[in-house]
Amino acid sequence: MSIAMQSLMRRLAPAAILAAALAVSPGARAQQYPNQDIHFICVFPPGSGADVLVRYFAEKVRPLTGKNVIIENRSGAGGNIGIEYVARAKPDGYTVLVHGASGVAASMSLFKNPPVDVGKTIQVAATINRQPFMVLVDAKSPHKTLADLTAAMKAKGDKASYATAAPFGTVVGEVYKLGAGIKAREVTYKNAVDSLNEQLSGVLDYSVHDPVYAMAQQREGRLRILAVSTAERLKANPDIPTLKEQGVSELNMMGWWAAMVPAGTPQPAIDQINKWFMQVVGSDETREFLAKFGGDQLLLDSAKGQDLFLKEIELWREFVKISKIEPQG
Amino acid sequence: MDILSNLATGFGAAGTWANLGFALIGCLLGTLIGVLPGIGPIPTIAILLPITYGLDPLSSLVMLAGIYYGAAYGGSTTSILVNMPGEASSIVTCIDGHQMAKQGRAGAALAVSALGSFFAGCVGTLFICAFAPPLAAIAQQFNSPDYFSLMVLGLVTAVVLAHGSVVKAIAMILIGLLLGLVGTDINSGATRYTFGVSVLWDGLDFLPMVIGMFGVVEIVKNLEQPDTHRDAITAKFRDLWPKVSDVKDAWMPVIRGTLLGSILGILPGGGAVLASFAAYTVEKKMAKDPSRFGKGAIEGVAAPESANNAASQTSFIPLLTLGLPSNAIMALMMGAMMIQGIQPGSAVMTSRPDLFWGMVASMWIGNLMLVVINLPMIGIWVKLLSMPYRFLYPAILLFCVIGVYSTNNNSVLMLFTAGFALFGYILLRFDCEPAPMILGFILGPLMEENLRRSLVLSRGDPMIFLQRPISAILLVCTALVIALIVLPAFRKTREEAFQE
């Protein structure tokens, strides 16, 4: 140790003792984390649907932390840039990825060379919501139930077409086709809304889209939701049957959001983040907010959240195999 | 009355203090950059795009639109006073406007140009009210094949209306199409031209491209030219109001210019520049004594100034109803809307009527503001012209850099910006206009997506493009436009039109 270093240590010693003393008192323990600004990472650009969600939670969590919560948008490469950034960030609890954990898990299967092994480098601190994908038909169509649609599609054979706009939609679409024994052709869109004109003009027989779009279109009376992809019905829309109930599939295809941190983050920080999110997500206001997007609250402790995450990674390997999605990259 | 209730919605949305404030900021900024030669609305809107992230969508569009037509106003001021067009759309105004100023009629020229522009702005706003809803109704019938044919028509017309050589315009569009291919293909999930770089998986970013090619290049271009002596006319401002005889001479050209501009603005590829040239040519052809033109004919100010403003307004119609940007500025506005999560197109009118009509209303408000701002502030704008560029340009460059970096805190984007700036400069040296490239870049991916989707839906049968009536009509129009390009007679007139 150099002389300069030693003198520095000497000068710091009283401060260290003071800090140690404070750490013993129970009131001060909570002050250890957080003692600086917290960064929420959003992997989509500002103004996107995901950004809205991240901003909502940043607003709600901020007053609980007593620190500032800063949103950083690190978009690109289907979310991989942001995921990689968090995986490589310092594991101190100040970098929190607020994103679809199902999407993070899926990245291991959707890309040929995923930049990081998310199961080893990312840890779930708190869970936020769960939401299904939805099977939709034109509101004017005669198909009132999924059974009606299945029967009609069987008759139409490979002349039938359906729309998807996300890998999740592709998976649910493929699972439905396999389970129901139909041969419809998938037509991919960049955004769900791009498929609306074609669906309303009858060129498309049905579509498999995210709940935000599906709920809005049903509310405006343009489309009708026939089924959700989760194994159980959701509280947000209890009268919509599941694919499982209709005997199409046993799988629980569910999108879920979480607050995630780099692996190796100290447990006290993880517990603190979990506590904040439990409080925010558990509120009535958040329940209503999430229901607007067709989802339910998901309240798990960090260990259960991490379990779900690791299972999700395996589940996606299966999904990708079933739906024959070609990994990118 | 539908139009009235729609406009009421619009004025309600645009009339909030915040939005009025943004309209004012936009108009002031627009006038400012219009007055300053060298910095046009395209780089300004490009540079300001990142700022709009934090704003609410209507406020950001109101501000950007304000810049757009504010620039058209400001540009005419310097054209008349200093014989230096701040904007491409006011190049023709120089011809007679500056002559008028030299004869001591600067006030009259400025007033006619401002009032003519205001009149044109009002008519343009009404035009949007009248034509946007029926066009949007048609747009709701559009399926993938129709969109494909529409994009083809848009790109082909862009060739006709681009300045300079046809071959270069086609080349630029093709480069734009190629750049648009970079990224993940939505049909197969394959990545194209990404060279294993994950930043490219979502395609090239729009912002580094436009800021590099317009913002930075504009500065480089201006640095190449030494500060020219600016011959400002500051005296003789006492008679701001035109004489009765001026008004008599000007009102018909104003109406003609407005109508011409309104129509040309709607056409894909059209816009303010073309409208002003066309209006000037028409006035010259119609005049009893064409020799007066170039020597201070008031018609030569009134008609093009009205036309460029009317066209500025109506060029929003294809964007807002069909999602088709008709020129580079509209492509930027489209980018701004997409950044806000709004897919431009007929859906905007039904899903966000407050946004759509609010924007229409703000155009009228903006025009009114411009008249009020401009007439008393002319003296200040002229003073600004003497600001040394060695302060101005570094400041602009700084804003460019901050703007790009703040979008997703990724320093790779800086490299892209620099790369595009270099590329843009090379294009400039070869006299290639970057605007068609931007159109190709924006429309190309949409075109490909719709082409392939149509073929999936038809199970590979290309006749789908002729079987759907909308698509068939659009393709016939495309064929006609191509015929026009090939016809030698047309090529000659096109060259003449751009030479004046």
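Residues numbered from 1 in each chain as written. Chains lettered and ligands numbered in written order. Predicted model: local features only at pLDDT ≥ 70, side-chain atom pairs only at ≥ 80, totals over all residues. Heavy atoms only, no water.

Caption draft 1: Main features of the overall build of chain B. Per the secondary structure count, chain B includes 22 helices and 2 strands. Considering chain B as a whole, with its 500 residues, one finds that 59% of them fall into the buried category. Across chain B, contacts joining residues at least 24 apart in sequence account for 79% of those joining residues at least 6 apart. Here chain B displays about 19600 Å² of accessible surface, and carbon together with sulfur accounts for 71% of that area. (Helix = DSSP H or I, 4+ residues; strand = E, 2+ residues; numbered from the N terminus. Buried < 20%, exposed > 50% of the residue type's maximum accessible area, 1.4 Å probe, protein only. Contact = heavy atoms within 4.5 Å. Areas by Shrake-Rupley, 256 points an atom, 1.4 Å probe, with all protein chains shown as cover.)

Caption draft 2: Broad picture of a nonpolar patch on the surface. Residues and elements named next belong to chain B. A contiguous nonpolar surface patch, about 450 Å² in accessible area, is contributed by F119, W251, M252, I255 and L259. With 4 residues, the top contributor of residues to the nonpolar patch is helix α10 (residues 244-266). Among the secondary structure elements, L259 is positioned in helix α10. (Patch = residues over 30% accessible without salt bridge, like charges linked within 9 Å, V, L, I, M, F, W, Y side chains within 5 Å. Salt bridge = Lys/Arg side-chain N within 4 Å of Asp/Glu carboxyl O.)

Caption draft 3: Structural context of the packing of helix α8 (residues 166-181) of chain B against helix α19 (residues 435-457) of chain B. Residue and element names in this part refer to chain B. Two numbers describe how α8 lies on α19: the axes approach to 7 Å, and their chain directions differ by 50 degrees. Relative to α19, the element α8 is oriented oblique. For the pair α8 and α19, the sense of crossing is right-handed. Contacts between α8 and α19 pair A169, M172, I173, I175, G176, L177, L179, G180 and L181 from the former with P436, M437, G440, F441, G444, P445 and E448 from the latter. For the contact of α8 with α19, the per-class residue count stands at 11 nonpolar, 4 polar and 1 charged. (Axes fitted to C-alpha atoms, helices over the stretch in contact; angles between N-to-C directions. Parallel < 35°, antiparallel > 145°, perpendicular 65-115°, else oblique. Left-handed = near helix turned anticlockwise from the far one by under 90°. Nonpolar A, V, L, I, M, F, W, Y, C, P; charged D, E, K, R; others polar.)

Caption draft 4: Local environment of the sheet that holds strand β2 (residues 69-73) of chain A. All names here are of chain A. Within the open sheet, the 6 strands sit side by side as β2-β1-β3-β10-β4-β11. Their pairing is mixed. Two strands bound the open sheet, and with one partner strand each, they are β2 and β11 (296-297). Relative to strand β3 (residues 95-100), strand β1 (residues 38-42) is paired through 3 bridges, and the arrangement is parallel. Bridging from a neighbouring strand, H39 pairs with T95 of β3. (Pairing = 2+ DSSP bridges.)

Caption draft 5: Quick peek at the nonpolar core. B:M209, B:V210, B:F316, B:M333 and B:F356 are the most contacted members of the largest nonpolar core, which totals 110 residues. With 13 residues, helix α16 (residues 353-384) of chain B is the single largest residue contributor to this core. Ignoring anything within four residues of it in the chain, the contact list for B:M333 reads B:L61, B:L64, B:A65, B:F316, B:L319 and B:M359. One finds A:L146, A:Y162, A:F168 and A:V175 within the second-largest nonpolar core, a separate group that totals 35 residues. (Core = buried A, V, L, I, M, F, W, Y, C linked by side-chain atoms within 4.5 Å.)

Caption draft 6: Highlighting the environment of B:V123. Residue and element names in this part refer to chain B. On the secondary structure map, V123 appears in helix α6 (residues 106-139). Here the alpha-carbon distance between V123 and S262, two residues 139 residues apart in the chain, equals 8.1 Å. Setting aside residues up to four positions removed in sequence, V123 forms contacts with T258 and S262.

Caption draft 7: Structural view of unusual backbone geometry. All names here are of chain B. The residue Y193 is not glycine, and still its phi comes out positive at about 50 degrees. Note that Y193 resides in the loop between β2 (191-192) and α9 (206-224). Positive phi values are uncommon outside glycine, yet D431 reaches one of about 60 degrees. In this fold, D431 is placed in the loop between α18 (412-429) and α19.

Caption draft 8: Broad picture of the side chain of A:R224. All names here are of chain A. In this structure, R224 sits in strand β9 (residues 223-228). Although R224 is buried, it makes no salt bridge; D148 carries the closest opposite charge, 6.9 Å away. A polar side-chain atom of R224 sits 2.6 Å from the main-chain carbonyl oxygen of H143. With sequence-adjacent residues up to four places away left out, R224 is seen in contact with V135, L136, V137, D138, A139, S141, H143, K144 and Q218. (Lys, Arg positive; Asp, Glu negative; His and termini not counted. Polar contact = N/O pair within 3.5 Å; in protein donor to acceptor, adjacent residues only side chain to side chain.)

Caption draft 9: Inspection of the packing of helix α8 (residues 167-180) of chain A against helix α13 (residues 302-322) of chain A at higher detail. Residue and element names in this part refer to chain A. Taken N-terminus to C-terminus, the directions of α8 and α13 make an angle of 65 degrees; their axes are 9 Å apart at the nearest point. In this structure, α8 crosses over α13, and the sense of that crossing is left-handed. Contacts from P167, F168, V171, E174, V175 and L178 of α8 reach α13 at W316, F319 and I322. Looking at the contact of α8 with α13, its residues break down into 8 nonpolar, no polar and 1 charged.

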